[in-house]
Amino acid sequence: MKRFVYTITLFLIALISTTLSAANPADWKTYFKNDTVKIEYAYQVCDFSSTASQELVIFKFTNLSSQKILLSYKANIWNNDICINCEQKSEESRYTIQVLSNETIITKCDNDWKKFAIFSAFITNNKEAKRYNSLTKFELTEINIRHE
């Protein structure tokens, strides 16, 4: 019985720490960097009271130059090792963002930049916080930087 309680306790601690790290994106990972721009990403859980919470891939765009830039890219998304938009030529998965000189823009659930975030998963709003994965991989391609 003690072993069972110990195992359950460890499981709950792991679940809580995973949920907290996703809810507070302190661990930014560098996706792309050159002399002009740095693109970082993290995962954030967005709580919406009327629906299940959502996990998003959020981005931090940092302009490392002293000039205003126009950054454009295509976001390819995978579900179960199948790219669901790689062959599309539509503008739906193409993004363009203007970043002022030495400015950092962070996309979040609740700011003007949320349209640049990528949906990752639904998370139920109950005690168990079950995660229903939608995104298994993402890739930013066709990264283009234009000085303005």
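Residues numbered from 1 in each chain as written. Predicted model: local features only at pLDDT ≥ 70, side-chain atom pairs only at ≥ 80, totals over all residues. Heavy atoms only, no water.

Q: Go over the overall build of the protein with me, naming the residues and quoting the values.
A: Helix and strand content of the protein: one helix and 10 strands. Shown N-terminal to C-terminal, the secondary structure of the protein runs as helices and strands in the order α-β-β-β-β-β-β-β-β-β-β. The long-range share in the protein, meaning contacts at least 24 apart out of those at least 6 apart in sequence, stands at 60%. (Helix = DSSP H or I, 4+ residues; strand = E, 2+ residues; numbered from the N terminus. Contact = heavy atoms within 4.5 Å.)

Q: Could you give an account of the pattern of salt bridges, naming the residues involved and the relevant values?
A: The tally for this structure, following the rule as stated, stands at four salt bridges. Between R94 and E142 there is a salt bridge whose closest N-O contact spans 2.5 Å. Pair noted here: R94 is in strand β6 (residues 94–99) and E142 is in strand β10 (residues 137–147), with a separation of 48 residues, a long-range link. We classify R94 as partly exposed; its relative accessible area is 27%. The residue R146 makes a salt bridge to E148 at a minimum N-O spacing of 3.4 Å. Judged by its relative accessible area of 48%, R146 falls in the partly exposed class. (Salt bridge = Lys/Arg side-chain N within 4 Å of Asp/Glu carboxyl O. Buried < 20%, exposed > 50% of the residue type's maximum accessible area, 1.4 Å probe, protein only.)

Q: If you had to explain the packing of aromatic side chains to someone new, which residues and values would you point to?
A: By the definition in use, this model includes 12 aromatic pairs. Considering the side-chain rings of Y73 and Y95, the 5.4 Å spacing of their centres and the 25° angle between planes classify their relative orientation as stacked. Of this pair, Y73 sits in strand β4 (residues 69–79) while Y95 sits in strand β6, and the two are 22 residues apart along the sequence. No difference in accessibility class separates Y73 from Y95, as the two residues are buried. Ring pairs connect the aromatic residues Y31, Y41, Y43, F59, F61, Y73, Y95, W113, F116 and F138, which therefore count as one cluster. Against the face of W78 rests K137, its NZ or CZ located 4.4 Å from the ring centre. (Phe/Tyr/Trp six-rings, centres within 6.5 Å; stacked < 30°, edge-to-face > 60°. Lys NZ or Arg CZ within 6 Å of the ring centre and 35° of its normal.)

Q: I'd like a description of the side chain of S65, backed by residues and values.
A: Along the chain, S65 falls in the loop between β3 (53–63) and β4. The exposure class of S65 is buried, given its relative accessible area of 13%. Within the structure, the side chain of S65 is placed 3.1 Å from the backbone oxygen of Q67, a separation counted as a polar contact. In this structure, S65 is in contact with T36, S101, N102 and H147, ignoring residues within four places of it in sequence. (Polar contact = N/O pair within 3.5 Å; in protein donor to acceptor, adjacent residues only side chain to side chain.)

Q: Lay out the pairing of β4 with the relevant residues and their values.
A: Judged by how many residues are buried, β4 sits mostly within the fold: eight of 11 residues are covered. Pairing geometry for β4 and β6, over six bridges, is antiparallel. Note on β6: the bridge partner recorded for S72 is T96. As judged from the nine bridges shared by β4 and β10, these two strands associate in the antiparallel manner. Within the sheet, the bridge partner assigned to K74 lies in β10 and is T141. Between β4 and strand β5 (residues 82–83), which pair antiparallel one after the other, the connecting turn spans two residues, and N80 there sits at a positive phi close to 55°. (Pairing = 2+ DSSP bridges.)

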